[in-house]
Amino acid sequence: MKKRRLHNGFTLIEILVSTGIIALISGVSAQIFLTASRNAVKSDLIRNIKQNGEYSLESMSRMIQSARSIPACTGASSASFAIENQDDGVTTFGCVLDGTVPRIASGSAIGTAYLTTAGLTLGGATCAQSSLTFLCTPRSGLPSTVQITFTLSQIGDQTKAYEEASVPFQTTVMLRSE
């Protein structure tokens, strides 16, 4: 009579192979999760910057289109820009330091209104170093056009590339009448 030997367990090789496969799958899964979370952070930063930039452009464009006139439209590029409103008041757009943060703002007799949130900057430590420029082009017999250009970036000391984001903005606006 032959004795049969029953195998009720796994061999050492089988356990090592299965442990290696599980470790490999775990490593790949963790990398996919980290990449997805980094991409989500970057997407949120860019979305926030785009919303602020588009709001700023829309606000300035609407006020420039509705302006009665542009007092100093010389064809030269400048860091600030003034318009004469329909109510004879003057509104000036430009860079204003909010503490140590250069931000886009409009100033009038009512006061200063920031057009970007406190978490974004025009770049640089001062308004002289900011990216905001206006170019007013006079056209004979036609309303003047104003080109607005700036770049917004998030504030902070980011050390990782996925935490850095900046978006350029540009538009050209024409006065409705002059």
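Per-chain numbering applies: the sequence of each chain, read as written, is numbered from 1 onward. Given that this is a predicted model, residues contribute local features only at a pLDDT of at least 70 and side-chain atom pairs are listed and counted only at 80 or more, while totals for whole chains, interfaces and linings are drawn from all residues. Derived side-chain values reflect all non-hydrogen atoms in the structure, with water molecules and hydrogen atoms excluded from consideration.

Think of it this way: any DSSP run of H or I at least four residues long counts as a helix, any run of E at least two long counts as a strand, and we number them from the N terminus. When you go through the chain residue by residue, the secondary structure sums to one helix and nine strands. Reading the chain from its N terminus to its C terminus gives the helix and strand order α-β-β-β-β-β-β-β-β-β. In this description the radius of gyration comes from C-alpha coordinates, and the expected globular size is given by 2.2 Å times residues to the power 0.38. Scaling as 2.2 N^0.38, a compact globule of 178 residues should have a C-alpha radius of gyration of about 16 Å, whereas the chain reaches 29 Å, well beyond that. Across its three principal directions, the C-alpha atoms of the chain cover 115 × 35 × 25 Å. Each residue is placed in one exposure class: buried if its accessible area under a 1.4 Å probe, protein chains only, is under 20% of its type's maximum, exposed if it is over 50%, and partly exposed if it falls in between. Counting the 178 residues in the chain, one finds 29% classified as buried. Here the analysis covers contacts within the chain between residues at least 6 apart in sequence; of these, 53% occur between residues at least 24 apart. The Shrake-Rupley method, run with a 1.4 Å probe sphere, supplies the accessible areas, and residue values consider only the shown protein chains as cover. Carbon and sulfur atoms make up 58% of the accessible area of the chain, which amounts to about 11400 Å² in all. The contact criterion used is simple: two residues touch if any of their non-hydrogen atoms lie within 4.5 Å.

Residues enter a nonpolar core if they are buried and are Ala, Val, Leu, Ile, Met, Phe, Trp, Tyr or Cys, with the set joined through side-chain atoms within 4.5 Å. Ile64, Phe81, Ile148 and Phe150 are the most contacted members of the largest nonpolar core, which has 28 residues in total. For this core, the secondary-structure elements that each account for two or more residues are α1 (12-65), β2 (80-84), β3 (90-98), β7 (133-139), β8 (142-154) and β9 (166-174).

Stacked, edge-to-face and tilted labels apply to pairs of Phe, Tyr and Trp rings (six-membered ring for Trp) whose centres lie within 6.5 Å, assigned for plane angles under 30 degrees, over 60, and everything in between, in that order. For the structure shown, the criterion picks out two aromatic pairs. Judged by centre distance (5.2 Å) and plane angle (25°), the rings of Phe150 and Phe169 are stacked. Taken as a pair, Phe150 in strand β8 and Phe169 in strand β9 lie far apart in primary sequence, 19 residues in all. The same class applies to Phe150 and to Phe169, which are both buried. The criterion for a charge sitting over a ring is simple: Lys NZ or Arg CZ within 6 Å of the ring centre, and within 35 degrees of the ring normal. Here the guanidinium or amino end of Arg103 rests over the ring plane of Tyr114, the centre of that ring lying 4.0 Å away.

Bringing the state of the cysteines into the picture now. Two cysteines, two sulfur atoms, one covalent bond between them: this is a disulfide. Cysteine sulfur pairs qualify as disulfides if the two atoms are within 2.5 Å. For the structure on display, the rule yields two disulfides. Cys73 shares a disulfide with Cys136; S-S distance 2.0 Å. Because the torsion about its S-S bond is -100°, the bridge between Cys73 and Cys136 counts as left-handed. Residue Cys73 is located in the loop between α1 and β1 (77-78), and its partner Cys136 is located in strand β7; the two are separated by 63 residues in the primary sequence. Comparing Cys73 with Cys136 shows no difference in burial state: the two are buried. A sulfur-sulfur separation of 2.2 Å characterises the disulfide bridge that pairs Cys95 with Cys127. Note on the Cys95 and Cys127 pair: the S-S dihedral is about -75°, so by sign convention the disulfide is left-handed. Linking Cys95 in strand β3 with Cys127 in the loop between β6 (120-121) and β7, this pair joins segments that are 32 residues apart in sequence. Using a relative accessible area of 17% as the deciding quantity, one classes Cys95 as buried. Taken in N- to C-terminal order, the disulfide-linked cysteines of the chain are connected 1-4, 2-3.

Glancing now at the sheet that holds β3. Any two strands with at least two DSSP bridges between them are considered paired. Read from one edge to the other, the open sheet built from four strands follows the order β2-β3-β4-β5, with strand pairing classed as antiparallel. The sheet is open, and its two borders are formed by β2 and β5 (112-114), each paired with just one other strand. When strand polarity is set aside, the average angle formed by the axes of neighbouring strands in this sheet is 35°. Inspection of the sheet shows strand β4 (residues 101-107) paired to β5 by three bridges, in the antiparallel sense. Note on β5: the bridge partner recorded for Ala105 is Tyr114. Every axis in this analysis is a line fitted to C-alpha atoms, fitted for helices over the stretch in contact. Angles between the N-to-C directions lie between 0 and 180 degrees.

Further remarks concern the layout of surface pockets. Using only the protein atoms, space was sampled on a 1 Å grid; points where a 1.4 Å probe fits but cannot get out form cavities, open sets with protein on both sides within 12 Å along at least five of seven lines form pockets, and lining residues are those with an atom within 4 Å of a point. Grid points are joined across faces, edges and corners, and a volume is the space filled by probe spheres set on the points. One number sums up the size of the largest pocket: a volume of about 150 Å³. What lines the largest pocket is a set of 13 residues, and nearest its centre among them are Ala72, Ala76, Ser78, Ser80 and Phe81. Every element with two or more residues in the lining of the largest pocket is listed here: β2 and β7. All amino acids are sorted into three groups, where Ala, Val, Leu, Ile, Met, Phe, Trp, Tyr, Cys and Pro are nonpolar, Asp, Glu, Lys and Arg are charged, and the leftover types, Gly among them, are polar. A breakdown of the residues in the lining of the largest pocket according to their chemical character gives nine nonpolar, four polar and no charged.

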